[in-house]
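# Overview (structure and organization)
Take a look at the letters that make up each chain.
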Amino acid sequence: RIRRTMESCDAIMVSTRYLAAQAASLGRPVFIHRNGFSQEMLAISERAAAQSHAGRKRTVIGYASGTPTHNRDFATIGEPLRKVLDRHADLTLWVIGPLKLDSAWQPYPRNRVLKLAYVPWTLLPGYLAGFDINLAPLICDNPFARSKSEIKWMEAALVGVPTLASPADAFQEVINPDIDGFLADT
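So, a few notes on the structure that sits alongside this text. Keep in mind that this is a model prediction, so the values were computed, not measured.

## Some words on the pattern of salt bridges
- What the rule picks out here adds up to six salt bridges.
- Of the charged contacts in the structure, one is a salt bridge between Glu173 and Arg34, with a shortest N-O distance of 3.0 Å. Taken together, the residues Glu173 in helix α8 (residues 169–174) and Arg34 in the loop between β2 (30–32) and α3 (39–51) connect sequence positions 139 residues apart.
- For the salt bridge of Lys83 with Glu79, the shortest nitrogen-to-oxygen distance reads 3.5 Å. Taken together, the residues Lys83 and Glu79, both in helix α4 (residues 71–87) and four residues apart, mark about one turn of the helix.
- On the basis of relative accessibility, which here comes to 42%, the residue Lys83 falls in the partly exposed class.
- Where salt bridges share partners, they join Arg17, Arg34, Glu150 and Glu173 into one cluster.

Quick look at the structure:
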């Protein structure tokens, strides 16, 4: 249905270079319009950033998922993430959204691995501002994952939180290593 819709259009607008390359095969003009943020989102994020980390004693690694499509992506970092948590008692993992944590996470108490329900975008900056590190793993050889934009990085950047991301095309285009994030494929 998406293909039929694109074929009936005079031009196609997408959010990433990967999607543009795929859409170009339809012989229509393709334009890239990267994801952005509204003035409202910026204001909410600035307020959240100003209130972050108040009185907290633990370091928080966080992952926010808007859909269950990221279960496989998150699973790629499960084992190393558990090893980091086991080595560092001062770390906490916050997982926001419909992501399903497998049984390997059951031994961790709630004060170490906190699973939060999906939150609307207007509340998300408040949670992201509580992260010290934002996680954005993707299985980069998967066309669906390659189509993803840098939205996870952007949302975290708006509250001043660096992102540790897979080296997907969109993340490579925006992350300045050692400044606002890191790229890692192992």
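## Examining the packing of α3 against helix α7 (residues 151–158)
- It is at 8 Å that the axes of α3 and α7 come closest, and there the two elements cross at 55°. It follows that α3 is oblique to α7 by the angle criterion. Contact residues: α3 offers Met41, Leu42 and Ser45, while α7 offers Met154, Glu155 and Leu158.

Calculation notes
Residues numbered from 1 in each chain as written. Predicted model: local features only at pLDDT ≥ 70, side-chain atom pairs only at ≥ 80, totals over all residues. Heavy atoms only, no water. Salt bridge = Lys/Arg side-chain N within 4 Å of Asp/Glu carboxyl O. Helix = DSSP H or I, 4+ residues; strand = E, 2+ residues; numbered from the N terminus. Buried < 20%, exposed > 50% of the residue type's maximum accessible area, 1.4 Å probe, protein only. Axes fitted to C-alpha atoms, helices over the stretch in contact; angles between N-to-C directions. Parallel < 35°, antiparallel > 145°, perpendicular 65-115°, else oblique. Contact = heavy atoms within 4.5 Å.

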